[in-house]
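# Reading the structure
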There are 2 protein chains.
Amino acid sequence: MNQYMQIAVNEAKKGMQSGAGGPFGAVIVCDGQIIAQGHNEVIETNDPTAHAEIVVIRKAAAKLGRFDLSDCEIYSSCQPCPMCFAAIHWAKMKKLYYACTKEDARNIGFDDDFIYDVIKGKAAREQVASVQIDRNQSLEPFEIWQDMAKKVQY
Amino acid sequence: MNQYMQIAVNEAKKGMQSGAGGPFGAVIVCDGQIIAQGHNEVIETNDPTAHAEIVVIRKAAAKLGRFDLSDCEIYSSCQPCPMCFAAIHWAKMKKLYYACTKEDARNIGFDDDFIYDVIKGKAAREQVASVQIDRNQSLEPFEIWQDMAKKVQY
């Protein structure tokens, strides 16, 4: 078994057994060195975004002092949900290894199909009603950004 | 203009002008009370997940001491990216108000189509190579979770 995946799976067990959250762990590796490891902390922290992958991305970025993790790879004990999958893209990572599938997660009560279905335009029912308002009155920050000479485009 | 959206737009300006991040702000409201307001902090914190919506979801959940924000509504100065859109679902919110569109964001250099396209299965090129490994050796945490008597299913 892959050594980093073994650590991700151990994190999943540890996090669940300590009551931190669901049975999910992740590891971020750069040049063969573990930069961050962690597990789901949704229950312990009351943070609905504290999935294992988000936890390790935040830890790795803090440790390396940069939001660009393009030289890092992520190992997740389970196929990421859309939030985490998108976060891996924003961190500019190029490689994701995962073990259990979204179907495995669904079988133990963690179903993210309702989110994938909405994004794909296939949902029979949408949890979130999205309403657009006030676009014309809200464009000013974008216009200021466009004209800013000194900015970090990320 | 909606009063909460006005605050979200002011946050977008404030965050950009202080160098915290891109021109994006958000507000979470519960029963007519503002629970959290904030802006993108990607640059200031080096956290690639610190989009405005994630920032305010984390703040609101911490303030209310719960990960279930189903009685809250979110106002975002811009249409959320897939990460934030999924996070709004995990927070169990039922209503999203947004102002600028993803096309407006793309026009100033913030393009999330490459993530939406991958999720929709429409991408010509994928930034992240996803590889499944070690499923059989990684199912144990899920089996333990399934058998746990005392757990918080979220």
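If you're wondering where the values come from, they're calculated on a predicted model, not measured in any experiment.

### Considerations on the overall build of chain A
A count of helical and extended segments in chain A gives eight helices and five strands. Taken from the N to the C terminus, the helices and strands of chain A come in the order α-β-β-α-α-β-α-β-α-α-β-α-α. Burial status across chain A gives 51% buried among its 154 residues. Restricting the contact set of chain A to residue pairs at least 6 apart, pairs at least 24 apart contribute 47%.

### A short note on unusual backbone geometry
Residue and element names in this part refer to chain B. Despite not being glycine, Lys92 shows a phi value in the positive range, around 65°. Although it is not a glycine, Asp134 sits at a positive phi angle of roughly 55°. Position of Asp134 relative to the elements: it lies in the loop between β5 (129-132) and α7 (135-138).

### Some thoughts on the interface of chain A and chain B
Facing 69 residues of chain A, the contacting portion of chain B comprises 69 residues. The dominant element in the side of chain A that touches chain B, judged by the number of residues it contributes, is helix α4 (residues 82-90) of chain A, at seven residues. Each residue belonging to the side of chain A that touches chain B can be placed in one class, and the counts come to 43 nonpolar, 16 polar and 10 charged. For strand β4 (residues 95-100) of chain A and β5 of chain B, the ladder comprises four bridges, and the chain directions are parallel. Bridge assignment links Tyr98 of chain A to a residue of β5 of chain B, and that residue is Gln132 of chain B.

### Here we look at the sheet that holds β5 of chain B
Reading across the sheet, the five strands line up as β2(A)-β1(A)-β3(A)-β4(A)-β5(B) and stay open at both edges, with mixed pairing between neighbours. Each of the sheet's edge strands pairs with one partner strand only, and the pair in question is β2 (33-39) of chain A together with β5 of chain B. Pairs of neighbouring strands in the sheet enclose a mean axial angle of 20°, with direction left out of account. In terms of strand pairing, strand β3 (residues 72-78) of chain A meets β4 of chain A through five bridges, oriented parallel. Along β4 of chain A, the bridge assignment pairs Cys78 of chain A with Cys100 of chain A.

### Digging into the relation of the copies chain A and chain B
Structural alignment of chain A on chain B gives an RMSD of 0.0 Å, achieved by rotating through 180° and translating 0.0 Å along the axis. As the rotation angle and translation indicate, the two copies are arranged about a two-fold axis. Nearest to the rotation axis, the C-alpha of Met83 of chain A is located 2.0 Å from it, this being the minimum over chain A. With an isologous cut-off of 70% or more, the 100% of interface residues of chain A that recur at the interface of chain B puts this contact in the isologous class.

### Focus: the packing of helix α8 (residues 140-147) of chain A against helix α1 (residues 3-17) of chain B
Each pair of packed helices can be summarised by the angle the axes make with each other and by the distance between the axes. At their nearest, the axes of α8 of chain A and α1 of chain B sit 9 Å apart, and the two run at 15° to each other. Judged on the interaxial angle alone, α1 of chain B and α8 of chain A are roughly parallel. In this structure, the crossing between α8 of chain A and α1 of chain B has a hand that is left-handed. Residue-level inspection shows Pro141, Ile144 and Trp145 of chain A of α8 of chain A in contact with α1 of chain B, the latter providing Val9, Ala12, Lys13 and Met16 of chain B. Its residues placed into classes, the contact of α8 of chain A with α1 of chain B shows six nonpolar, no polar and one charged.

### Examining α8 of chain A
Residue and element names in this part refer to chain A. Taken together, the buried positions of α8 are Pro141, Phe142 and Trp145. Within α8, the buried residues cover an arc of 100° as seen down the axis, which keeps them to one side. In α8, the exposed residues that point more than 90 degrees away from the buried face are Glu143 and Asp147.

Cut-off values and rules
Residues numbered from 1 in each chain as written. Chains lettered and ligands numbered in written order. Predicted model: local features only at pLDDT ≥ 70, side-chain atom pairs only at ≥ 80, totals over all residues. Helix = DSSP H or I, 4+ residues; strand = E, 2+ residues; numbered from the N terminus. Buried ≥ 20, exposed ≤ 12 C-beta atoms within 10 Å, placed from the backbone. Contact = placed C-beta atoms within 7 Å. Nonpolar A, V, L, I, M, F, W, Y, C, P; charged D, E, K, R; others polar. Pairing = 2+ DSSP bridges. Axes fitted to C-alpha atoms, helices over the stretch in contact; angles between N-to-C directions. Least-squares fit on C-alpha atoms with pLDDT ≥ 70 in both. Parallel < 35°, antiparallel > 145°, perpendicular 65-115°, else oblique. Left-handed = near helix turned anticlockwise from the far one by under 90°. Arc of directions from axis to C-beta.

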